Amino acid sequence: MEMEVFIRVMVSLLVSGALLIWGWRILNWVWLKPKRLEKWLRQQGLAGNSYRFLSGDMKEVFSMIRQRRSKPMPLSDDIVPYVFPFLHQHAKKYGKNTFMWIGTRPRVTLLDPEDIKEVFNKCNDFPKQDLNPFFRLLLPGLISLDGDKWARHRKIIKPAFHQDKLKNLLSAFYQSCIEIISEWEKIVSVEGSRELDVWPYVANLTRDAISRAAFGSSYEQGIRIFQLLEEQVDLVVQAMWSIYIPGWRFLPTKANKRMKLINKDIKDSLREMINRRMNEIKGGKDGNGDLLGILVESNNREVEEHGMGM
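Residues numbered from 1 in each chain as written. Predicted model: local features only at pLDDT ≥ 70, side-chain atom pairs only at ≥ 80, totals over all residues. Heavy atoms only, no water.

Enquirer: Whenever I open this one, the overall build of the protein chain confuses me. Can you help?
Expert: The helix and strand inventory of the protein chain stands at 12 helices and two strands. Order of helices (α) and strands (β) in the protein chain, N terminus to C terminus: α-α-α-α-β-β-α-α-α-α-α-α-α-α. Counting over 310 residues, the protein chain shows a buried share of 28%. The long-range fraction of contacts in the protein chain, counting pairs at least 24 apart against all pairs at least 6 apart in sequence, stands at 53%. When the accessible surface of the protein chain is totalled, it reaches about 21,400 Å², and 61% of it is carbon and sulfur. (Helix = DSSP H or I, 4+ residues; strand = E, 2+ residues; numbered from the N terminus. Buried < 20%, exposed > 50% of the residue type's maximum accessible area, 1.4 Å probe, protein only. Contact = heavy atoms within 4.5 Å. Areas by Shrake-Rupley, 256 points an atom, 1.4 Å probe, with all protein chains shown as cover.)

See the structure below:
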């Protein structure tokens, strides 16, 4: 009898201890750690809103985006107030160097040129923060890399952005523009005059021009990748409207399964195009002058010189 009581007491203590530990971790995650970080950021001379439980500044961010997108974009090259309304207002309110809250995490924004230069010159001292797992579906590659890996990938893609290489892409942009203008001329020739919503055409122009410049002879496959990316963006944005819950992406919801399928489809298509272009180059053909060909040739040189590429 005494043994049973002892066992029950021990089990109760273990359960209570486990609950206290998990309770402390949750409290630290949702409140104590964010408040400590806020204190440290303010001591460094940064300004921003006070931390709000769990959501941070996200409700205000999305509210301002909805308000701005509900109105026509002004005819001006000053697009920051329209594209990033929260950051624009934040900078006006708090100055050039500020922080905002993405859920429980603060994000620092630097607009002072000297501070930005210092960060870029010390990339190993200022590692990129971990992306929300949903964002990793949209931002893989160079933008998410750090340290030596970032330096190696940057070296490989650098030849694609030399001025003479970029000039070779003008014909792809020209062809995409001509097609849209021709379509408008046909409409005018039939109807005489007509008011057009140009946004769908501008969106198609961007997709077509980048696909031609990046993938050249694989242009149609590139178009399909962009269409998949557009769907992926919509799904990720929908997921980000809600508060991020760790582990949610592993649940077999309809949206999660579709995002994983799109991600696999895009990777498989890119892998197929890259392998095909590598085989063509090995067979004696040039890289076609498009972005894909330039990157494949640059990667091959890196492999030959250092034994590793992307």
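Enquirer: It is not clear to me how the packing of helix α8 (residues 170-191) against helix α9 (residues 199-215) should be interpreted in this structure. Could you clarify?
Expert: Two numbers describe a pair of packed helices, the interaxial angle and the distance between the axes. Orientation of α8 relative to α9, taken along the N-to-C sense of each, is 150 degrees, at an axis distance of 8 Å. For the pair α8 and α9, the crossing hand works out as right-handed. Judged by residue contacts, Ala172, Phe173, Gln175, Ser176, Cys177, Glu179, Ile180, Glu183, Trp184 and Ile187 of α8 engage Tyr201, Leu205, Asp208, Ala209, Arg212 and Ala213 from α9. Looking at the contact of α8 with α9 residue by residue, the classes come out as 10 nonpolar, two polar and four charged. (Axes fitted to C-alpha atoms, helices over the stretch in contact; angles between N-to-C directions. Left-handed = near helix turned anticlockwise from the far one by under 90°. Nonpolar A, V, L, I, M, F, W, Y, C, P; charged D, E, K, R; others polar.)

Enquirer: Can you walk me through the pairing of strand β2 (residues 105-110) in this structure?
Expert: Within a regular strand, the side chains alternate between the two sheet faces. Sheet topology note: the strand β1 (residues 97-102)/β2 ladder contains six bridges and is antiparallel. The partner of phenylalanine 99 across the bridge, within β2, is valine 108. From the end of β1 to the start of β2, which pair antiparallel, there are two residues, and glycine 103 there has a positive phi angle of about 70 degrees. (Pairing = 2+ DSSP bridges.)

Enquirer: Is there a simple way to think about the packing of helix α2 (residues 58-69) against helix α4 (residues 85-94) in this case?
Expert: Across the interface, α2 lies against α4 with an axial gap of 8 Å and an inter-helix angle of 110 degrees. In terms of axis orientation, α2 runs roughly perpendicular to α4. Of the residues in α4, those touching α2 at Glu60, Val61, Met64, Ile65 and Arg68 are Pro85, Phe86 and Gln89. The residue inventory of the contact of α2 with α4, partitioned by class, reads five nonpolar, one polar and two charged. (Parallel < 35°, antiparallel > 145°, perpendicular 65-115°, else oblique.)

Enquirer: Hey, could you run me through the pattern of salt bridges in this one?
Expert: Pairs may arise between side chains of opposite charge once their charged atoms sit close together. Tallying each qualifying case throughout the model produces 10 salt bridges. Across the salt bridge formed by glutamate 38 and arginine 42, the nearest N and O atoms sit 3.1 Å from each other. With glutamate 38 and arginine 42 both in helix α1 (residues 2-43), this residue pair falls four residues apart, about one helical turn. Overall, glutamate 38 belongs to the buried group, its relative accessible area being 6%. (Salt bridge = Lys/Arg side-chain N within 4 Å of Asp/Glu carboxyl O.)

Enquirer: So what exactly am I meant to see when it comes to the packing of aromatic side chains here?
Expert: Here the distance between the centres and the angle between the planes together describe a pair of aromatic rings. For the structure on display, the rule yields four aromatic pairs. Ring centres 5.6 Å apart and planes at 55 degrees place the aromatic pair tryptophan 31 and tyrosine 51 in the tilted group. You can see tryptophan 31 sitting in helix α1 and its partner tyrosine 51 sitting in the loop between α1 and α2, a full 20 residues away along the chain. Ring pairing ties together the aromatic residues Trp31, Tyr51, Phe99 and Trp101, which thus form one cluster. One residue, arginine 25, lies across the ring of tryptophan 22, its end atom 5.3 Å from the ring centre. (Phe/Tyr/Trp six-rings, centres within 6.5 Å; stacked < 30°, edge-to-face > 60°. Lys NZ or Arg CZ within 6 Å of the ring centre and 35° of its normal.)

Enquirer: Sorry, what's going on with the environment of arginine 224 here?
Expert: Residue position: arginine 224 is located in helix α10 (residues 219-241). C-alpha of arginine 224 to C-alpha of arginine 207: the two residues are 17 residues apart in sequence and 9.7 Å apart in space. Sequence-distant contacts of arginine 224, defined by excluding residues within four places in its chain, comprise Asp265 and Ser269. Of the polar contacts made by the side chain of arginine 224, one reaches the side chain of serine 269; its length is 3.4 Å. (Polar contact = N/O pair within 3.5 Å; in protein donor to acceptor, adjacent residues only side chain to side chain.)

Enquirer: Explain the confidence of the model for the protein chain here, please?
Expert: Do not read the fine detail of predicted coordinates wherever pLDDT is low. Confidence in the prediction for the protein chain averages 80 pLDDT; 86% of positions are at 70 or higher. For the protein chain, per-element mean pLDDT is lowest for helix α12 (residues 291-306), which scores 75, and highest for β1, which scores 91. (pLDDT = per-residue confidence, 0-100.)

Enquirer: How should the side chain of arginine 207 be read in this particular structure?
Expert: In this structure, arginine 207 sits in helix α9. At a separation of 3.0 Å, a polar atom in the side chain of arginine 207 contacts the side chain of glutamate 230.

Enquirer: What is the right way to read helix α11 (residues 254-282) from this model?
Expert: Since the α-helix advances by 3.6 residues per turn, residues separated by three or four positions end up pointing in the same direction. Between its first and last C-alpha atoms α11 spans 42 Å; for 29 residues at 1.5 Å apiece the expected length is 42 Å, and the two agree. Of the residues trailing α11, glycine 284 is marked for its positive phi of about 110 degrees. (Expected span 1.5 Å × (residues − 1).)

Enquirer: Sorry, what's going on with the nonpolar core here?
Expert: Nonpolar side chains in soluble globular proteins generally cluster together in the buried interior. Among the nonpolar cores identified, the biggest contains 14 residues, and Phe215, Ile262, Ile266, Met273 and Leu292 are the most heavily contacted of them. Within the second largest apolar cluster, five residues are counted, among which are Leu46, Tyr51, Phe99 and Trp101. (Core = buried A, V, L, I, M, F, W, Y, C linked by side-chain atoms within 4.5 Å.)

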